[in-house]
Structure formats: C-alpha cells, structure tokens
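Each chain is listed here by its residues.
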Amino acid sequence: MAKTLVIGAGGVASVAVHKMAQNSEIFPEFMIASRTKSKCDALAKRLEGMGSKIETAEVDADSLEQLVKLIRQYQPKLVLNLALPYQDLTIMDACLECGVHYVDTANYEPKDTAKFEYKWQWAYQDKFKEAGLTALLGSGFDPGVTGVFSAYAQKHQFDSIRQIDILDCNGGDHGYPFATNFNPEINIREVSANGRYWEHGKFIETQPMEIKRTYEFEEVGEKDMYLLYHEELESLAKNIKGIERIRFFMTFGESYLRHLNCLINVGMTSIKPIEFQGQEIIPLQFLQAVLPDPSSLGPRTKGKTNIGCIFQGEKDGQEKVYRLFNICDHEEAFKETGAQAVSYTTGVPAMIGAAMVLTGKWQEPGVFNVEEFDPDPFMEMLNKNGLPWQEDFEPVLVP
Ligand code: NDP
C-alpha cells in the first residue's frame, strides 16, 4: 500500500491530513513530520479511528540529510510539502535522492528576497524527468484550484481564452484589528511587494496596492480588492495558449490595510536583518512572533471566502464570458477540521493533488503546474471533498 509523508503541521497541513484520513482508501498510511513534533502528535491524535494508519516524526526540512534519512526510513511513495516555501528545493532534492514523487502548494522563495518565481523549481524539470518522478507544483487554492479552473474552462468552455481575472475574496472576520489568515511572514511578503499583471506577453509592474476595484461577491457582499502579483500568473501565462491578460485581485479590509501601511512605514515588515540588543533579528520575523498564530483564528472567524476566476474569450466564433468560483464558510470549515476557511481552501486541494499523483491520474515524469493535467478528476474530487464549485455564464466583469 502506498504511503505518504506530509511535511509541516500548521494550518494547511491540519486540513490536508484530516481530508487524507477521510480518504483512507487513497491514503491508508501516512506520516506527519515537522519541526515541532508535538504539533504532529496533536494532529495525529485528532484523526485517531478515522481509518488511516498515522505516524509522526520530527524533521528539519532545511536539512537534506535529515530529510533523506526520514524518507529512507519511512519509504513513502510521495512527499506532500506543507511547510514553508523556503523548504521547497531541499525537499525536492530529497525526493530525487530517494525516488519519491513531490507535491507542494507554494513556489520556492529565497529567504533574503521576497521573489515569487517558478524558475528555481522549473529548473528541476530534467532531473525529475530522468528519475521518472512527478513534481506537482502549487496544488493549493491560488495557486492550485485557480489553475485547475483555467484548464477546465479551456477544455470545456472556450476555443481560446484571452483574459483571466482571478478574484480572491475573504469575507471572514476574526475580530482582531490585524492578523493574517496564513503564515504572517509569507502573507506580508506577498502583499507588501510591488503588484504585477501579465499583458501582451510581458509583466506590467505597479506600486503595492496601486490598483483598486470593487466587486459584489455572492454570499459576502461588496468588497474592495487590490491588484497583487501572484505566482500562478507566471505559470498560466506560459500554459494557457493565446492568453493576452491575466490579473489577480485580493480583497482587504480597511483595518488590515491601515495597520499594514503603518507597519510598512515604520519598517516592521522589512526582511533585512538588524542589530537589536546585541542580537541580529529580522523585523518581519519579530512581527510574526507578536501577531496571532493563524491556526488560532479558527474558533473566532465568521463569514465566507469566495474565490474564483472570470474568463473572457471565444467559443464557436462568439465572444464568451464565464466564471468559476467556490464559496467556503469559515465556521463550517472549523467545525469539520478545526481550521478556518483559508487553511481549508488550501488543505483540500493539497490532498487532492497528492491523490491525483498517487492514483496515477496525474503521474508523468517531470515538473508540472496543475493546469497542465486533465482538470476533470480534480474538479470531481473538489465537489466530493467540501469545495464544490459554481458556474456563472453572465458574470459581472472587472473594469
Ligand atoms: P504555518 O506557518 O501554519 O505552518 C507551517 C508549518 O511548517 C509549521 O508546522 C512549521 O513548523 C513547519 N515548518 C517550517 N519550517 C520548517 C522546517 N524547516 N522544517 C520542518 N517544518 C517546518 O503555515 P500554513 O499552514 O498557513 O502554510 C503552509 C504552506 O501553504 C505555506 O507554504 C504557504 O505559503 C502555503 N499556502 C498556500 C496557499 C495556496 O492557496 N496555494 C494559501 C495559503 C498558504 P513549526 O510548527 O515548528 O513552526
């Protein structure tokens, strides 16, 4: 029976392992390994009696040696990387060394620059091909489901897609004036970076939060949203043939933005090390230490997320618009898994990506983004695993 090794035991992992245990015919045995073993043990305890055989271990995923030792010992068929983007390359190296498949939810980022690019991971193409192994990149919601939605629209709804707008709306309220819904360091690096969108073959750069729009989201209401760079823009620009423009918008509340701007202005979001009382610290890491832990937001968060894509293009010689989206309820996600909807909407597709590779539906030698595979079995699993999708054939467009 195929075994899976999950690395990381944070918010996203807590949902993914829950969903794996619910699909124990695909995941009969798995191990949760992370830097803090007590978190892995707590997760395993919650899943007792659900049908999968679960083990736990401590591992520092920055250490190739430790990873290789653990993988050789446990002998999984696949590693599901739910640690942080900094660990992607070490874990990919360990998978190659041990001959196992690889799945993650976020592209590699070097610690010292907030750069979101696939180039480092795409460079592993030949190595994975030669080893006969699959590396599936970005199997969360965005990136992840947004890529699967794009592949589905391309396959079933359009002859050619000219424009994609990805809209990520979180209408959840956790009651804190400022907190991030996933790892604060990664989240703040992402939103405080310059914006970028793809148009006519190149990226156009904007100031952070320079482009603002409003949109009426079903079951959430009207929200302000801001253009950000997001990593799937790079892979979709490469993989959706004939695409002319792709933009990504995320909603932010007024309180979040006010606090974030203040933190940026006083230098608290900097990733440049500074000297403090004889010790070197990174301001953003210090900020993370004083902010609420995202995994503690679950019991407090009310409201819904509404994330999806609006497509414009052509079908049978006619102009066509089409929207695919999912609505996820924070409180229901918490009731089921003990985590809020941002972790839920990432953890479910992470489990599905792993299932696609393990079952051989998406298993080809090389490094792939989700939109390069057949979207149908993934879309089917979304419906069955708590993230049902909806279609709109007359969506309101974003100006
Ligand atoms: P958390 O911070 O909650 O969890 C990260 C986990 O990784 C923790 O258990 C942490 O251990 C562990 N970890 C960190 N460094 C190491 C290391 N060197 N060795 C072993 N374990 C380590 O993050 P999230 O669960 O919110 O996010 C997980 C991933 O999901 C991130 O890469 C994030 O970017 C991605 N993501 C993707 C989304 C998508 O839609 N595609 C959306 C949201 C997140 P410890 O407990 O000791 O700190």
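That block above? That's the structure.
None of the values given here were measured: they were computed from a predicted structure. (Residues numbered from 1 in each chain as written. Predicted model: local features only at pLDDT ≥ 70, side-chain atom pairs only at ≥ 80, totals over all residues. Heavy atoms only, no water.)

### Observations regarding the packing of helix α12 (residues 330-337) against helix α13 (residues 341-358)
Viewed as axis vectors pointing N to C, α12 and α13 meet at an angle of 65 degrees, and their least axial separation amounts to 8 Å. Between α12 and α13 lies a crossing of left-handed hand. Residue-level contacts link H330, A333, E336 and T337 of α12 to A341, V342 and Y344 of α13. (Axes fitted to C-alpha atoms, helices over the stretch in contact; angles between N-to-C directions. Helix = DSSP H or I, 4+ residues; strand = E, 2+ residues; numbered from the N terminus. Left-handed = near helix turned anticlockwise from the far one by under 90°. Contact = heavy atoms within 4.5 Å.)

### Description of the nonpolar core
In terms of nonpolar packing, the biggest core is built from 87 residues, with F27, L80, F149, I164, F252, F311 and L382 touching the most fellow members. It is α13 that provides the largest number of residues to this core, a total of 11 residues. Those residues in contact with F252 that lie beyond four places of it in its chain are V191, M209, D224, Y226, L228 and L257. Of all hydrophobic cores here, the second largest spans 30 residues; its members include M31, L67, A94 and Y102. (Core = buried A, V, L, I, M, F, W, Y, C linked by side-chain atoms within 4.5 Å. Buried < 20%, exposed > 50% of the residue type's maximum accessible area, 1.4 Å probe, protein only.)

### Topic: the pairing of strand β6 (residues 134-137)
What you see with β6 is no split at all: T134 and L136 on one side and A135 and L137 on the other are buried throughout. Pairing of strand β5 (residues 101-104) with β6 involves 2 bridges; the strand directions are parallel. Bridge pairing in β6 links V103 to L136. Bridge analysis of β6 against strand β17 (residues 366-369) gives 4 bridges, and the strand direction is parallel. Bridge pairing links L136 to F368 in β17. (Pairing = 2+ DSSP bridges.)

### With respect to the site of the ligand
Contacts to the ligand come from 28 residues, most closely from R35, T36, K39, A61 and N183. D62 is positioned with one of its side-chain polar atoms (N or O) 3.2 Å from a nitrogen atom of the ligand. Within the backbone of P143, a nitrogen or oxygen atom sits 3.1 Å from a nitrogen atom of the ligand. Bound to the protein, the ligand loses 91% of the 930 Å² it would expose on its own. Looking at the shell around the ligand residue by residue, the class counts come to 13 nonpolar, 10 polar and 5 charged. (Near = heavy atom within 4 Å. Polar contact = N/O pair within 3.5 Å; in protein donor to acceptor, adjacent residues only side chain to side chain. Areas by Shrake-Rupley, 256 points an atom, 1.4 Å probe, with all protein chains shown as cover. Nonpolar A, V, L, I, M, F, W, Y, C, P; charged D, E, K, R; others polar.)

### Notes on the sheet that holds strand β4 (residues 78-81)
Taking strand neighbours across the sheet as the criterion, the 7 strands line up as β3-β2-β1-β4-β5-β6-β17 in an open arrangement whose pairing is parallel. A single partner strand is all that each edge strand has here, and the edge strands are β3 (53-58) and β17. The sheet shows a mean angle of 20 degrees between the axes of neighbouring strands, taken without regard to direction. The pairing of strand β2 (residues 29-34) with β3 spans 6 bridges and is parallel. Counterpart to M31 in the pairing with β3 is E55. Sheet strands touched by helix α2 (residues 37-46): β2 and β3. Its angle to β3, the strand with the most contacts, is close to 170 degrees. Against the sheet, helix α4 (residues 88-98) touches β1 (3-7), β4, β5, β6 and β17, its axis set at about 160 degrees to β5.

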